[in-house]
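Understanding the architecture of this molecule
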Amino acid sequence: METRASVLPKFAMTPEQYAKVGKAWIATKGGFVLGLAEGELQGVPIPQTPRQWGAWRAYFKERRIPTAFMDAKAKLTAENKLTKNPHCWTVPTEWPHEFDPEATVQGDHEAGNWFMRNWRPPSPVMADAAQRAITAAKFKRWYEQTRRADAPDLPPEEPKGQFIDRDKLLEGYERDMAELAARKAKHVENKP
C-alpha cells in the first residue's frame, strides 16, 4: 500500500541541503530580498515582491523546508502590524528556478499567481482607522482614571439613557389594552 509520503516527489534539495547551499550562495553571490510591503531596511530600499514571495513559499513547501517564519511575517503584514521596516526575507535569487535546476519557470510563476489570487495587501486606510480607535480608547481609559484619582468623592457615573417609570409604563399598557379591546368589540358588532 502506498502512503502519501511515498507518493510525494523526491527532490535533491532537502531542508539540510538548502541551509548549506543557500547560505553559501548568499555569502558568495549575494541574495535577493523579498518584501510583502515597500520600505527601507538599513538604508536599502525594499521593493514589494509578493509574486516572488509566493513562488519561494511554494518551493519551500514542496521540499519540506519550514515556512513558519515567512508565514508569521505575512500574517503581521496582512494584519497591518507593519513597523518601520517592511516584512522581508533574504533568499538566494529572485525566483527559485534561478537557484535550483529542479524548479521550473512555469511552476514558479503559477505559484506566484496563486499567491496573488489569495493574498490581500494591507490597507493603510484601515490601519489608520484602527490606530485612531485604539488611541481614542486608550485616552478615554486614561481620562477616566485620572478624573477618579483627582476627585475621589465624585459619585459613580450613572449609565446614560432614558429610564421609564414602571408605573407610567403599566398605566400606558393598561390604557392601550383597553383601547384594543374596545376596537375588537366594535369590529365584531359591525359585522353583519
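Relevant structure appears above.
First things first, this report covers the structure right here in the doc. (Residues numbered from 1 in each chain as written. Predicted model: local features only at pLDDT ≥ 70, side-chain atom pairs only at ≥ 80, totals over all residues. Heavy atoms only, no water.)

A word on the packing of aromatic side chains
For the structure shown, the criterion picks out 9 aromatic pairs. Ring geometry for Tyr18 against Phe99: centres 5.8 Å apart, planes inclined by 85°, an arrangement best described as edge-to-face. Highlighted residues: Tyr18 in helix H2 (residues 15-29) and Phe99 in the loop between strand S4 (88-91) and helix H5 (105-118), separated in sequence by 81 residues. The pair Tyr18 / Phe99 is uniform in exposure class, with both members buried. (Phe/Tyr/Trp six-rings, centres within 6.5 Å; stacked < 30°, edge-to-face > 60°. Helix = DSSP H or I, 4+ residues; strand = E, 2+ residues; numbered from the N terminus. Buried < 20%, exposed > 50% of the residue type's maximum accessible area, 1.4 Å probe, protein only.)

Quick look at unusual backbone geometry
In terms of backbone geometry, most residues other than glycine have negative phi values and most peptide bonds are trans. Although it is not a glycine, Arg64 sits at a positive phi angle of roughly 60°. Following the sequence through the fold, Arg64 ends up in the loop between helix H3 (50-62) and helix H4 (68-78).

Considering the nonpolar core
Ranked by size, the top nonpolar core spans 18 residues in total, and within it Tyr18, Trp53, Trp56, Tyr59 and Phe60 carry the most contacts. Within the residue set of this core, elements represented by two or more residues are H2, H3, H4 and S4. At 4 residues, H3 tops the list of elements feeding residues into this core. Discounting chain neighbours no more than four positions away, the residues touching Phe60 are Tyr18, Ile65, Thr67, Met70, Trp89 and Val91. (Core = buried A, V, L, I, M, F, W, Y, C linked by side-chain atoms within 4.5 Å. Contact = heavy atoms within 4.5 Å.)

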